[in-house]
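Close look at the chain arrangement
What follows is each chain in one-letter form.
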2 protein chains.
Amino acid sequence: MTSTEHGHAAAPAVRPTRQRRAVADALASFDDFRSAQDIHALLTERDEKVGLATVYRTLQLLSESGEVDMLRTEDGEAIYRRCSATHHHHLVCRSCGATVEVEGPAVERWTRAIAAEHGYADIAHTLELFGTCRACAG
Amino acid sequence: MTSTEHGHAAAPAVRPTRQRRAVADALASFDDFRSAQDIHALLTERDEKVGLATVYRTLQLLSESGEVDMLRTEDGEAIYRRCSATHHHHLVCRSCGATVEVEGPAVERWTRAIAAEHGYADIAHTLELFGTCRACAG
DNA sequence: TTCTCTGCAAACCCTTTGCAAAAAA
DNA sequence: TTTTTTGCAAAGGGTTTGCAGAGAA
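Residues numbered from 1 in each chain as written. Chains lettered and ligands numbered in written order. Predicted model: local features only at pLDDT ≥ 70, side-chain atom pairs only at ≥ 80, totals over all residues. Heavy atoms only, no water.

**Focus on the confidence of the model for chain A**
- Summary statistics for chain A give a mean pLDDT of 85 and a share of 88% for residues scoring 70 or more.
- Across residues 1-9 of chain A, confidence stays below pLDDT 50; counting only partners more than four residues off in sequence or on other chains, it has 4 contacts. (pLDDT = per-residue confidence, 0-100. Contact = heavy atoms within 4.5 Å.)

As structure tokens, then:
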């Protein structure tokens, strides 16, 4: 028995479809965070017909597999962006969405220290910064 | 003319009602973040009849006036908490939910520095830590 | 063929809103 | 009385889901 064919609890194969490629490509054409609806609109505009539900399902998939970052706007909307390989956080303009990836070795260190101090193991953390970028501040 | 009576663009007077007191009290009885629905459920359970819409409206008001903190869960739900005097973050056990409030002067400083470096103003940030607490680690 | 994926439309869920009745000033 | 609030129920808006048909393996 091979694990890919008969392993119990094997994850179903993921098939590379036109739609999934389209969503991935759309994501690749942006530098900042976009909502599922934004991406669907872009695809429609490009005459790449992909159902909205499929866009949502694909983004969810990509997000779970770690290929895209997902975060929430102030009003609860999910926004996505292809992510780079290294662990980092985001500095997002709350007005125009312009995003800067930032790294924080100090924060990572602080995180581990705090966790250890309180006896917590297997630590993860979320950290996002919001502000108004120079252009939007006027 | 007095500013409170005839000032143009004067904000409407806010009236202290039974409902608003009830929501504030409910908030005061929690140490952690709760959703509007949680609070409404608590009030109902206590036989304090307050409409769900009123709970939402009141939380919004409190949030705007800075008396409560509002943030979003991973799945987009708004959660509220009376804000304590000091700014802090949470270290949450992903297994049992045990929460420790932690302060991070270093993080706050880092946040401001990063924002300044990239020209972002009016900075806010979210930071939450997740881990497994000693009890749950076994 | 078999199993996954898609599209559509309906369902969901949290949240907001319109409006007439109730309460505060 | 005038003005703000409330409650209800309906509407909104993003997101998810059921299911039958389409497509990949």
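Now, onward.
**Things to note about the protein's contact with DNA strand D**
- Near DNA strand D, the surroundings consist of 23 residues, among which R15, Y56 and A78 of chain A together with T54 and R57 of chain B are the closest.
- Take R15 of chain A: an N or O atom from its side chain is 2.6 Å from a base nitrogen of DNA strand D.
- Here a sugar or linking oxygen of DNA strand D and a side-chain polar atom of Q19 of chain B are 2.9 Å apart.
- Of all elements in the fold, only α4 (52-64) of chain A together with α2 (18-28) and α4 (52-64) of chain B reach the threshold of two or more residues within the surface near DNA strand D.
- Ranked by residue count, the leading element in the surface near DNA strand D is α4 of chain A, at 4 residues. (Near = heavy atom within 4 Å. Polar contact = N/O pair within 3.5 Å; in protein donor to acceptor, adjacent residues only side chain to side chain. Helix = DSSP H or I, 4+ residues; strand = E, 2+ residues; numbered from the N terminus.)

**Let's talk about the protein's contact with DNA strand C**
- If you check the shell around DNA strand C, you find 25 residues, and the closest are T17, R20, T54 and R57 of chain A together with Y56 of chain B.
- In DNA strand C, atoms within 4 Å of the protein come from the sugar-phosphate backbone in 71% of cases.
- Between DNA strand C and the protein, one listed contact pairs a phosphate oxygen with a backbone N or O atom of G51 of chain A at 2.8 Å.
- T54 of chain A is positioned with one of its side-chain polar atoms (N or O) 2.7 Å from a phosphate oxygen of DNA strand C.
- When residues of the surface near DNA strand C are traced back to their parent elements, those giving at least two are α2 (18-28) and α4 of chain A together with α4 of chain B.
- Among the elements that take part in the surface near DNA strand C, α4 of chain B stands out by supplying 5 residues, more than any other.
- The residue makeup of the surface near DNA strand C, split by class, is 10 nonpolar, 6 polar and 9 charged. (Nonpolar A, V, L, I, M, F, W, Y, C, P; charged D, E, K, R; others polar.)

**Some remarks on the relation of the copies chain A and chain B**
- Under the fitted operation, chain A is carried onto chain B by 0.1 Å of movement along the axis and a turn of 177°, and the coordinates agree to an RMSD of 2.1 Å. Look at the turn and shift together and you get a two-fold axis relating the two. Closest to the rotation axis within chain A is the C-alpha of L127 of chain A, separated from it by 2.1 Å.
- Taken together, the interface assignments show that 97% of the residues at the interface of chain A recur at the interface of chain B, consistent with an identical surface on both copies. (Least-squares fit on C-alpha atoms with pLDDT ≥ 70 in both.)

**Looking at the nonpolar core**
- Ranked by internal contacts, the top residues of the largest apolar core, which has 23 residues, are L91 and W110 of chain A together with W110 and Y120 of chain B.
- Only β4 (89-93), β5 (99-102), α5 (105-117) and β6 (121-132) of chain A together with β4 (89-93), α5 (105-117) and β6 (121-132) of chain B provide two or more residues apiece to this core.
- Residues contacting W110 of chain B, with those up to four places away along its chain left out, are V102, E103, G104, V107, L127 and L129 of chain A. (Core = buried A, V, L, I, M, F, W, Y, C linked by side-chain atoms within 4.5 Å. Buried < 20%, exposed > 50% of the residue type's maximum accessible area, 1.4 Å probe, protein only.)

**Focus: the sheet that holds strand β2 (residues 68-72) of chain B**
Residues and elements named next belong to chain B.
- One open sheet accounts for 3 strands, arranged β1-β3-β2; its pairing is antiparallel. Taken across any chain shown, the strands that pair with only one partner, and hence form the sheet edges, are β1 (34-35) and β2.
- Strand direction decides the pairing type here: β2 and strand β3 (residues 78-82), joined by 5 bridges, are antiparallel. The residue of β3 that forms the bridge with M70 is Y80. (Pairing = 2+ DSSP bridges.)

**Observations regarding the interface of chain A and chain B**
- Counting residues at the interface gives 38 residues for chain A, matched by 37 residues for chain B.
- Of the roughly 3,100 Å² buried where chain A meets chain B, counting both sides, 64% is carbon and sulfur surface.
- Taken together, the links from chain A to chain B amount to 0 salt bridges.
- At the boundary of chain A and chain B, one finds 11 residue pairs in polar contact (both at pLDDT 80 or more).
- Contributions of two or more residues to the side of chain A that touches chain B are made by β2 (68-72), β4, β5, α5 and β6 of chain A.
- With 12 residues, β6 of chain A is the single largest residue contributor to the side of chain A that touches chain B.
- The residue inventory of the side of chain A that touches chain B, partitioned by class, reads 19 nonpolar, 11 polar and 8 charged.
- With 9 bridges connecting them, β6 of chain A and β6 of chain B associate as antiparallel partners. Its bridge partner being in β6 of chain B, A124 of chain A is matched across the sheet by F130 of chain B. (Buried area = accessible area lost by both parts, 1.4 Å probe. Salt bridge = Lys/Arg side-chain N within 4 Å of Asp/Glu carboxyl O.)

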